[in-house]
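Structural overview for review
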Amino acid sequence: MSKTFHITTFGCQMNEHDSEIMAGMLTEKGFRQVGERSEADVAIINTCSIRENADKRFFGTLGQLKRRKKDNPEFLVCVCGCMMQQQHVIDTIKAKYPWVDVIFGTHNIHQLPELIDNVLAEKKRQIEIWPDGGEIVEGLPSKRLFDCKALVNIMFGCNNFCTYCIVPYTRGRERSRRPEEIVKEVRNLVGDGVKEIMLLGQNVNSYKGDGDTDFADLIYMLNEIDGLERIRFMTSHPKDLSDKLIKAYTECDKLCRNIHLPVQSGSSRILKRMNRKYTKEQYLELIGKLRKAAGDMTISTDIIVGFPGETEEDFEETLDLVRKVRYDSAFTFLYSVRKGTPAEKFTDQIPEEIKHQRFNRLVDLINTISAEKNAEYVGRVEEVLVEGPSKTGSRTFAGRTDGFKLVNFKGSEDMVGQLVKVEITEGKTFSLEGRVIGEAEQR
């Protein structure tokens, strides 16, 4: 019988896609993926180091596997991802978690099958961490979560060195894939039934392919691929958002009218301390350009609450920016110290009580605006790419609009992977409700 595996993924879409690649490699090797870790011969934990909560969840999960390893010494535990690029984490695992069999990092996930073979043959722990990325490995298989949409890495690493962020230290310097390799991959995905792609990079705006190919050029190239319906991307840094890319929203019909544009703070003073390289005013100017190019564009963001030195006045600047932009949604985070970042050494840390109080005020404002904006969709007909059964109940399916709004509706299994017309009947804070309309109603 073939060995089974289970992957637990923490973190961003980059980590999700890394997990898809690992699943693809192991499936090619004859392993079988299972839905529960308790059923697996090999457990893989793909880690994230962005926030303290992810660290705690990882070590908690690791602790749960001790009994399993004791009961079954043949059970393999593999850990990888961003946390493994930090020496203090590796030292902790080596000292306190002897039941971990394989440790590898973000730059060498393609070695996973080899590392598993080695631990089985040598009966000893395998540790393989690359400090730098080296050459980009092309052609790795991927086992996608959805048949109709796919994640596509276009670049790796980050050169920005925001003072709060560990990513440049765990993902390395920026490295871009060749545009012809990306186009080839997307063509193959479309041939396999993919209608929507999400281009991934720590900062897609700084993509530099061979020669003079920039990110906007890549969008135009992908827009010409027959059979591809939608193009999305994450994440976009405001300092590198070009007029050329904004113009692409008016000329590329497959580029979704949606952007995730992390602002992190509404205070220019705090933005400078964060090393974000733009001001509140410059950010708002970008929003104006985007809305002028595509008035129906939906916009989401990331905001950090309680960055060191943040005063009440700074926080009010953030609330003011949120009111001006009126985001469709936002990921909000309490600042947490990341070991090895410049902000770790800032002495004016904000008390937890104040951080939580500000966080709650921000979330209340964002949720109010989200609900108001979603209510405006009632009565509109939206084209929805059906992803699968909804989490809300039987015979209910879910999908995304061009603007990335989540829509739940009554449907059937044959709709999965298709673009259907849905009339929006209710706008909620985090999603929309709707009904599929027939062909006669569409005319």
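Higher on the page you've got the structure.
Residues numbered from 1 in each chain as written. Predicted model: local features only at pLDDT ≥ 70, side-chain atom pairs only at ≥ 80, totals over all residues. Heavy atoms only, no water.

To continue, consider the pairing of strand 14 (residues 329-334). Where strand 13 (residues 298-305) meets strand 14, six bridges bridge the pair, whose relative direction is parallel. The partner of Ile303 across the bridge, within strand 14, is Thr332. Taken together, strand 13, helix 11 (residues 312-325) and strand 14 form a β-α-β motif whose crossover is right-handed. (Pairing = 2+ DSSP bridges. Helix = DSSP H or I, 4+ residues; strand = E, 2+ residues; numbered from the N terminus. Right-handed = clockwise from strand over helix to strand, strands pointing away.)

Moving on: the packing of aromatic side chains. Under the defined criterion, the tally for this structure stands at nine aromatic pairs. With 5.0 Å between their ring centres and 85° between their planes, Phe215 and Phe233 make a pair best called edge-to-face. Highlighted residues: Phe215 in helix 7 (residues 215-223) and Phe233 in strand 11 (residues 230-234), separated in sequence by 18 residues. When the centroid spacing of 5.3 Å and the interplanar angle of 75° are considered together, the rings of Phe307 and Tyr335 count as edge-to-face. One end of the pair, Phe307, is in the loop between strand 13 and helix 11; the other, Tyr335, is in the loop between strand 14 and helix 12 (352-375), and 28 residues separate them in sequence. (Phe/Tyr/Trp six-rings, centres within 6.5 Å; stacked < 30°, edge-to-face > 60°.)

Direction vectors running N to C along helix 2 (residues 52-71) and helix 3 (residues 87-96) enclose 20°, while the axes themselves pass 13 Å from each other. Taken together, the axes of helix 2 and helix 3 lie roughly parallel to each other. Seen along the crossing, helix 2 lies across helix 3 with a hand that is right-handed. Residues Phe58, Phe59 and Leu62 of helix 2 form the contact with helix 3, whose own contacting residues are Val89, Thr92 and Ile93. Looking at the contact of helix 2 with helix 3 residue by residue, the classes come out as five nonpolar, one polar and no charged. (Axes fitted to C-alpha atoms, helices over the stretch in contact; angles between N-to-C directions. Parallel < 35°, antiparallel > 145°, perpendicular 65-115°, else oblique. Left-handed = near helix turned anticlockwise from the far one by under 90°. Contact = heavy atoms within 4.5 Å. Nonpolar A, V, L, I, M, F, W, Y, C, P; charged D, E, K, R; others polar.)

Looking now at the layout of surface pockets. By volume, the second largest pocket amounts to about 690 Å³. Lining the second largest pocket we find 32 residues, and of these Ile21, Val137, Gly139, Leu140 and Glu185 sit closest to its centre. At five residues, the largest contribution of residues to the lining of the second largest pocket is made by helix 6 (residues 179-191). Partitioned by chemical class, the residues of the lining of the second largest pocket number 10 nonpolar, 10 polar and 12 charged. (1 Å grid on protein atoms, 1.4 Å probe; cavity = no way out; pocket = protein on both sides within 12 Å on 5 of 7 lines; lining within 4 Å. Points joined across faces, edges and corners; volume = space filled by probe spheres on them.)

Attention shifts here to the packing of helix 8 (residues 243-251) against helix 10 (residues 280-293). Running from N to C, helix 8 and helix 10 point in directions that differ by 25°, and their axes come no closer than 8 Å. When the axis of helix 8 is compared with that of helix 10, the two are roughly parallel. Handedness of the crossing formed by helix 8 with helix 10: right-handed. For the pair formed by helix 8 and helix 10, the contact residues are Asp243, Ile246, Tyr249 and Thr250 on the first element and Leu286, Lys289, Leu290 and Ala293 on the second. Looking at the contact of helix 8 with helix 10, its residues break down into five nonpolar, one polar and two charged.

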